[in-house]
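Residue-level structural notes
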Amino acid sequence: MTPDLAAAGCFSLDGEDLPFQPGDSILQAATRAKRYIPHLCWHPEFGAHGSCRICTVKVNGRVGAACTTPAAAGLEVQSHTAELDKQRKTLLQMLFVEGNHFCPSCEKSGNCLLQATAYQLGMEGPHFEEFYPDRPVDASHMDLLLDFNRCILCELCVKASHKVDGKDVFAMGGRGLDTHLVLNSASGKLVDTAMALGDRAADICPVGVILPKRRGFVIPIGQRRFDGQSVAEQVEDGPK
Ligand code: FES
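These numbers were taken from a predicted model, which means no experiment stands behind them.

Cut-offs and rules
- Every chain's residues receive numbers from 1 upward, in the order its sequence appears when written.
- Only residues with pLDDT of at least 70 get local features here, since the model is predicted, and only at 80 or more are side-chain atom pairs given and counted; chain-wide, interface and lining totals rely on the full set of residues.
- Hydrogens are left out, water is left out, and the side-chain values use all remaining heavy atoms of the structure.
- Only the stretch in contact is used when a helix axis is fitted, and all axes are lines through C-alpha atoms; the angle between N-to-C directions ranges over 0 to 180 degrees.
- By definition, any uninterrupted DSSP run of H or I lasting at least four residues is a helix, any uninterrupted run of E lasting at least two residues is a strand, and each is numbered from the N terminus.
- Oblique is the label for any angle not covered by the other classes, which are roughly parallel (under 35 degrees), roughly antiparallel (over 145) and roughly perpendicular (65 to 115).
- Two helices cross in a left-handed way if the nearer one is turned anticlockwise from the farther one by less than a right angle. They cross in a right-handed way if the turn is clockwise.
- Note on contacts: a residue pair is in contact if any heavy atoms of the two residues lie within 4.5 Å.
- Gly falls in the polar group here, along with every residue not listed as nonpolar (Ala, Val, Leu, Ile, Met, Phe, Trp, Tyr, Cys, Pro) or charged (Asp, Glu, Lys, Arg).
- Multiply 1.5 Å by the residue count of a helix minus one, and that product is the helix's expected span.
- Relative accessibility under 20% of the residue-type maximum defines a buried residue, over 50% an exposed one, and the middle range a partly exposed one, all with a 1.4 Å probe and only protein chains included.
- Two strands pair under a simple rule: DSSP has to find at least two bridges between them.

Thoughts on the packing of helix H3 (residues 82–98) against helix H4 (residues 113–120)
One way to put it is that H3 packs onto H4 with a least axis distance of 10 Å and a crossing angle of 140°. One finds that H3 runs oblique with respect to H4. Crossing hand, H3 versus H4: left-handed. Contacts between H3 and H4 pair Leu 92, Leu 95 and Phe 96 from the former with Leu 114, Gln 115, Thr 117 and Ala 118 from the latter. Looking at the contact of H3 with H4 residue by residue, the classes come out as 5 nonpolar, 2 polar and no charged.

Shown next as structure tokens:
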């Protein structure tokens, strides 16, 4: 990068000079410039969570999360390298075996960011031994189903319920491998929370945990969000 471009407020992503705005993370600036950096727990509406590490890049040679690292003039960022994509694929494989992700039978198939990212990174199998955890399904609510088997702990539902819906229906419980989503009701069931079908939290889940009932296949397989266009192409073609 030339000193002029650094002074103009640009950083380099995979050798290309990108502008950024004050307060941008590397991932925000890259997304605005329609450059795809793989990510799961980051959302343009709710900002960084920094937990999945799929967005890991090299910043001036040091490893960091693109969603939490501030963009700064003159930074040299590497994202699309064989080494980083291999690490991302390994993280994805760990996420897949840690939960129960059976894409062919999941009604979120084709609309799932985890699945789309796995396709994007060429993940062909789980590689690691499956955990097959015993997790419940909560079908208590009239309009919404919760399938905890697919949770990737991104906390987007926690943020959406708190910040947009003002309800705090969801929170995280447990620690380490036992970390899991919990519900804000005495029974621990969704039906006893204030959750409603129209809540922002009801449609924020990037995977198949929070599902509206009776709509599973209204949009047929083959016509879903990622069926016609990859996750990278959707960033490169315009805002999400
Ligand atoms: Fe950056 Fe998940 S998107 S850590």
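As for H3
Between its first and last C-alpha, H3 extends 24 Å over 17 residues, near the 24 Å set by a 1.5 Å rise per residue. Regarding H3, the residues found buried are Leu 84, Arg 88, Leu 92, Gln 93, Leu 95, Phe 96, Val 97 and Glu 98. Tucked inside the fold, the buried residues of H3 contact strand E3 (56–59), strand E5 (76–78) and H4.

Some points on the sheet that holds E3
Strand order in the open sheet formed by 5 strands is E2-E1-E5-E3-E4, and the pairing between neighbours is mixed. With one partner strand each, in any of the chains shown, strand E2 (16–19) and strand E4 (62–65) form the two edges of the open sheet. Looking at each pair of strands side by side, their axes are set apart by 35° on average, direction ignored. Bridging between E3 and E5 involves 2 bridges; their strand directions are antiparallel. Across the sheet, residue Val 59 finds its bridge partner in E5, namely Val 77. Against the sheet, H3 makes contact with E3 and E5, and its axis sits at roughly 150° relative to E3, the strand it touches most.

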